[in-house]
Amino acid sequence: QLQLVESGGGLVQAGGSLRLSCAASGRILSINTMGWYRQGPGKQRELVATIASGGSANYDNSKKGRFTISSDNAKNTVYLQMNSLKPEDTGVYYCNAGVITSGSQRRLELWGRGTLVTVSS
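About the criteria used
- Residues numbered from 1 in each chain as written.
- Predicted model: local features only at pLDDT ≥ 70, side-chain atom pairs only at ≥ 80, totals over all residues.
- Heavy atoms only, no water.
- Helix = DSSP H or I, 4+ residues; strand = E, 2+ residues; numbered from the N terminus.
- Rg over C-alpha atoms; globule rule 2.2 N^0.38 Å.
- Buried < 20%, exposed > 50% of the residue type's maximum accessible area, 1.4 Å probe, protein only.
- Disulfide = S-S within 2.5 Å.
- Core = buried A, V, L, I, M, F, W, Y, C linked by side-chain atoms within 4.5 Å.
- Phe/Tyr/Trp six-rings, centres within 6.5 Å; stacked < 30°, edge-to-face > 60°.
- Lys NZ or Arg CZ within 6 Å of the ring centre and 35° of its normal.

(A) Main features of the overall build of the chain. For the chain, the helix and strand inventory stands at zero helices and 11 strands. Ordered by position in the sequence, the α and β elements of the chain form the string β-β-β-β-β-β-β-β-β-β-β. Here the C-alpha atoms of the chain give a radius of gyration of 14 Å, agreeing with the 14 Å that 2.2 N^0.38 yields for 121 residues. If one aligns the C-alpha atoms of the chain with their principal axes, the spans along those axes are about 50 × 25 × 25 Å. Residue burial in the chain is summarised as follows: out of 121 residues, 39% are buried.

(B) Region of interest: the state of the cysteines. Tallied over the entire structure, the rule returns one disulfide. Each sulfur of the disulfide joining Cys 22 and Cys 95 lies 2.0 Å from the other. Classification of the bridge connecting Cys 22 and Cys 95 rests on its S-S torsion, roughly -85 degrees, and on that basis the disulfide is left-handed. Residue Cys 22 is found in strand β3 (residues 18-25), and its partner Cys 95 is found in strand β9 (residues 91-101); the two are separated by 73 residues along the sequence. A relative accessible area of 0% places Cys 22 in the buried class.

(C) Representation of the nonpolar core in the model. Among the nonpolar cores identified, the biggest contains 27 residues, and Met 34, Trp 36, Leu 80, Met 82 and Tyr 93 are the most heavily contacted of them. Of all the elements in the fold, those that place two or more residues in this core are β3, β4 (28-39), β5 (46-52), β7 (67-72), β8 (77-82), β9 and β11 (115-120).

(D) Structural detail: the packing of aromatic side chains. Taken as a whole and assessed by the stated rule, the structure comprises one aromatic pair. The positively charged end of Arg 19 is found above the aromatic ring belonging to Tyr 79, 4.1 Å away from the centroid. Between the NZ or CZ atom of Arg 45 and the centre of the ring of Trp 111, over which it lies, the distance is 4.7 Å.

So, in structure tokens, the structure goes:
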């Protein structure tokens, strides 16, 4: 069963840090990109950052400098280090991956169920 499982969310005070993790599992031949999206209260889901299999990263401008995305290709895992957190960073953080399945070699986009990050002021 193909799935993404996020972990690492929680409650943190403004100025604090959190590290999110997302592991992909199942019949995966390769992963092209992995990334993080965020949905704040009453807001639409928005891009946080993505990383390609070769390591090149892309960030939403508002998160540059505070958030760092990284990946461990051998573990099919992507991380998001979040520093200097602000109350407006509160939301559900979703993991996303573009994968090629083994066997049929289908191209699929996967989403995790999300992990809640709450930043208190």
